[in-house]
Amino acid sequence: MNTGTQRLSGWGRANTSPALVSHEESTAAVAALVRSAAAGGLPRGILARGLGRSYGDAALNAGGRVVRTDRLTAIGDVQPDGTVEVGSGVSIAELLRHVVPRGWFVPVTPGTGHVTLGGAVAADVHGKNHHREGSVGRHVVRLQLVDGTGEVRTVSPGDPAYGAVVGGMGLSGIVTKVTLRLRPISSATLTVRTTRTADLDATMSALQEADRTHRYTVAWLDTLAKGSGLGRAVLTAGDHTTSGEAPRGGVPVGGGHSTAGEPASSIAYSPGRSLPAPPWVPSALLSPTTMRAFNEAYFRAAPARPRVTTESIASFFHPLDVVRGWNRMYGRPGFLQHQFAVADPQCLRAVLELFSRERVPGFLAVLKRFGPSSGLPLSFPTAGWTLATDVPASPQLGPVLDRADELVASYGGRLYLAKDSRMRPELLPAMYPDLDHWRQERALLDPHHLFVSDLSRRLHLC
Amino acid sequence: MLDALRSPQSVLVLGASSDIAQATVAALARRGRLDRVVLAGRPGPRRDAAVQKATSEVGRRGVVRALDFDATRPDEHEAVVAEAFADGDVDVVLLAFGVLPDAATAAAPDAAAAVVTTNFTGAVSALTASAARLRAQGHGTMVVLSSVAGERPRRSNYLYGATKAGLDAFATGLGDDLAGTGVEVVVVRPGFVRTSMTAGLGPAPLSVDASDVAEAVVAAVGGGTRTVWVPGALRLVMSVLRHLPRAVFRRLPI
């Protein structure tokens, strides 16, 4: 099982710590490891890690044990009802490669395909279709979980344990298999409508309007725009191309869905070749001035009048995956992503005004409307708005990010734990009012307090 | 844990009454994440004052705790350090204790050896105990207050300089030994710092305040094992002084 100490980091590369890393081959091997930990073998606890795409310290366990799920990669046959059982180490991209040719689609995909199903469940990830289809936890049929006593359990929606695990940041056990309900598609392309908006009011109303008519919506927003341009955005709205349309470049499905065996059609998921990012970018290029110029250029490049194009799954859902290792571009200090959700648009406006006024050097930020919350205690999405902004990990930005957090908390909003790397722990109970309920359910699954991460230590989560 | 912006949540001070230590705790608290301060030192009004000051700095979210610690009792150090780590991980260990002997002390064999016990022997045992804990937790910063006096001992200050030279060498080597464990050692070499320890001495050129040292420490935490000069210009000055012939160096009015 090839065990060794490795220095691990979050995707933002600003949080790092060493851990003893092992690659377990099976659920039974994971269960045996947890039982040995329960017997007192691992004083610094244990944590599962997928592809390390959480931005901060959620997949780190300083001085402890980290179980990589990269050998738990079995993909079962798609059942006639669209369900499929996969190992928790399977990535969304791998699953798409397997199921798209058979006429199926993963119901929720975040902005990268390089997220494992285990990680997706732990963070209860969302995608551009949250306003219609919620987060990934809504599409899970059942989970196989190794709990903190080493027992292998089946956890299903409605079980009390479900809310401890889904959104539970890996602290309630190690998910080894995920059974997911897929959705049928009839082509591997999307029909995408791109438009640009002049200010925040226009962006918000355009997103609201697009949500009524499109399955996938998102806006790329210029956080450095000032004055009347504040909140201007490039908005994209997409839908799976249906066989009635004549997609340019996409091939519609001819003969219905296939469950097992050979693909029934020629549609395929091809992420294309990824290009390596430059190893570093001079830090001067990450200044507000150059970022503003970049954001300006991006905005200008978008069509002033709406344009409809056909895009591949990879280019529409995972545009950044084309640049391998793009997270290295921020150099040694790394970067962080600030993502919050809030119901009140006044809060969104206040945070954008703060970022603009303080010249927070954010690259294009992502704005999206969320549908109703899943109701699970640590699940991030709540009805309203979510804004995600990448910024360099510069200590000088600490105070302004803290002010943004206070604004978000005062409006009853919250930060996304899969992205967080720096929030004040004392804001957590206000942001997640069901935190204590989650702690109780979590403690039932992990009575010896084995599952721990640098995130849980930093935020005193459990 | 240190967060992405390198703000620590917990600090253990060895030598609670040190002015530089108190300024450093204040500077760490201003980063807004400090919620646990353990002040280890000899009981007395100076430590009490340090506890009171730290309590007001960490505010409502914070817990400040005092531990009895005597640098001259290495046999007790492991237990004191264990006590400090009993409430959770410690992000920063600040070794700040030390005495500055006068000429009479340096001339008395027993008293001179006692200075070595405090400044060097006690530091070695306290750092060794702390390093073991930090290594086990897989993260943390040890900040060691060395001195420019350890870089090249001066005739007016050779006993103090010798203890700091030993401490500096020990901490530097320890930092390299800890490479890859997640633990970093920051060796701080201040010049003349205007504190209660140096009160009554005529200030030297390039002298600084305790708060200047504190800011340099805060900036270095999380940045990897390194040596920090305060002020930074001292690095250049000392690289010149280090290479002066001894006959010249001993005649310098320093």
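## Some thoughts on the overall build of chain B
Point 1. When helices and strands are tallied, chain B shows nine helices and nine strands.
Point 2. Over its C-alpha atoms chain B spans a radius of gyration of 17 Å, differing by no more than 12% from the 18 Å that the globule rule assigns to 254 residues.
Point 3. Dimensions along the principal axes, computed over C-alpha positions, put chain B at roughly 55 × 35 × 35 Å.
Point 4. Considering chain B as a whole, with its 254 residues, one finds that 48% of them fall into the buried category.
Point 5. For chain B, the share of sequence-separated contacts (at least 6 apart) that also reach a separation of at least 24 residues comes to 70%.

## Quick look at the overall build of chain A
Point 1. Within chain A, the secondary structure is distributed over 13 helices and 20 strands.
Point 2. A globule of 462 residues ought to have a C-alpha radius of gyration of about 23 Å, and chain A, at 21 Å, matches this closely.
Point 3. For chain A, the spread of C-alpha atoms along the principal axes amounts to about 65 × 55 × 40 Å.
Point 4. Looking at the 462 residues of chain A, the share that counts as buried comes to 54%.

## Observations regarding the sheet that holds strand β3 (residues 63–68) of chain B
All names here are of chain B.
Point 1. On the basis of which strands lie adjacent, the open sheet formed by seven strands has the order β3-β2-β1-β4-β5-β6-β9 and parallel pairing. Two strands in the sheet have a free side with no partner beyond their single neighbour: β3 and β9 (226–230). Direction aside, the axes of adjacent strands within the sheet are offset by 15° on average.
Point 2. With four bridges joining them, strand β1 (residues 10–14) and strand β4 (residues 92–95) adopt parallel strand pairing. Residue Leu14 lies in a different strand from β4, and its bridge partner there is Leu95.
Point 3. Set on the sheet, helix α2 (residues 45–58) makes contact with β2 (36–41) and β3; between it and β2 the angle comes to about 170°.

## Things to note about helix α9 (residues 345–357) of chain A
Helical periodicity: at 3.6 residues per turn, an α-helix aligns residues three or four positions apart in one direction.
Residues and elements named next belong to chain A.
Point 1. Along its 13 residues, α9 runs 18 Å from first to last C-alpha, staying within 8% of the 18 Å computed at 1.5 Å per residue.
Point 2. Within α9, burial applies to Cys347, Leu348, Val351, Leu352, Phe355 and Ser356. Viewed along the axis of α9, the buried residues span an arc of 170°, placing them on a single side of the element. Across α9 from its buried face, at more than 90 degrees, point the exposed residues Gln346 and Arg357.
Point 3. Tucked inside the fold, the buried residues of α9 contact α6 (200–213), β17 (335–342), β19 (384–392) and α10 (398–410).
Point 4. Once α9 finishes, Arg359 follows within two positions and takes phi at roughly 50°, a positive value.

## What about the pairing of strand β13 (residues 233–240) of chain A?
Residue and element names in this part refer to chain A.
Point 1. With seven of eight residues buried, β13 lies mostly within the body of the structure.
Point 2. Two elements, strand β11 (residues 189–197) and β13, share eight bridges in a ladder whose sense is antiparallel. By the bridge assignment for β13, Thr197 is matched with Ala233.

## Considering the packing of α9(A) against α10(A)
Residue and element names in this part refer to chain A.
Point 1. Their axes nearest at 10 Å, the elements α9 and α10 cross at an angle of 170°. With respect to α10, the axis of α9 lies roughly antiparallel. Here α9 contributes Cys347, Ala350, Val351 and Leu354 to the contact with α10, which in turn contributes Val400, Arg403, Ala404, Leu407 and Val408.
Point 2. Here the residues of the contact of α9 with α10 are counted per class, giving eight nonpolar, no polar and one charged.

## Points about the packing of helix α1 (residues 19–30) of chain B against helix α7 (residues 210–220) of chain B
Residues and elements named next belong to chain B.
Point 1. For the pair α1 and α7, interaxial distance at closest approach is 8 Å and the crossing angle is 50°. With respect to each other, α1 and α7 are oriented oblique. Viewed along their axes, α1 and α7 form a crossing whose handedness is right-handed. Residues Asp19, Ile20, Ala23, Thr24, Ala26, Ala27 and Leu28 of α1 pack against Ala210, Ser211, Val213, Ala214, Glu215, Val217 and Val218 of α7.
Point 2. A per-class count over the contact of α1 with α7 returns ten nonpolar, two polar and two charged.

## Some thoughts on the domain arrangement of chain A
Frequently, the measure chosen for interface size is the accessible area that the parts lose on association.
Residues and elements named next belong to chain A.
Point 1. What the domain assignment lists for chain A is domain 1 (83–185) and domain 2 (189–241 + 266–423).
Point 2. Measuring from the centre of the C-alpha atoms in domain 1 to the corresponding centre in domain 2 gives 24 Å.
Point 3. Between domain 1 and domain 2, the residue contacts involve 28 residues of the former and 28 residues of the latter.
Point 4. Every element with two or more residues in the side of domain 1 that touches domain 2 is listed here: α2 (92–99) and α4 (130–133).
Point 5. For the side of domain 1 that touches domain 2, a count of residues per class yields eight nonpolar, 15 polar and five charged.

## Some remarks on the interface of chain A and chain B
Point 1. The interface is formed by 25 residues belonging to chain A together with 18 residues belonging to chain B.
Point 2. Where the side of chain A that touches chain B is concerned, the elements lending two or more residues are β2 (16–23), α10 and α13 (454–458) of chain A.

What counts as what
Residues numbered from 1 in each chain as written. Chains lettered and ligands numbered in written order. Predicted model: local features only at pLDDT ≥ 70, side-chain atom pairs only at ≥ 80, totals over all residues. Helix = DSSP H or I, 4+ residues; strand = E, 2+ residues; numbered from the N terminus. Rg over C-alpha atoms; globule rule 2.2 N^0.38 Å. Buried ≥ 20, exposed ≤ 12 C-beta atoms within 10 Å, placed from the backbone. Contact = placed C-beta atoms within 7 Å. Pairing = 2+ DSSP bridges. Axes fitted to C-alpha atoms, helices over the stretch in contact; angles between N-to-C directions. Expected span 1.5 Å × (residues − 1). Arc of directions from axis to C-beta. Parallel < 35°, antiparallel > 145°, perpendicular 65-115°, else oblique. Nonpolar A, V, L, I, M, F, W, Y, C, P; charged D, E, K, R; others polar. Left-handed = near helix turned anticlockwise from the far one by under 90°. Domains from an automatic or database assignment.

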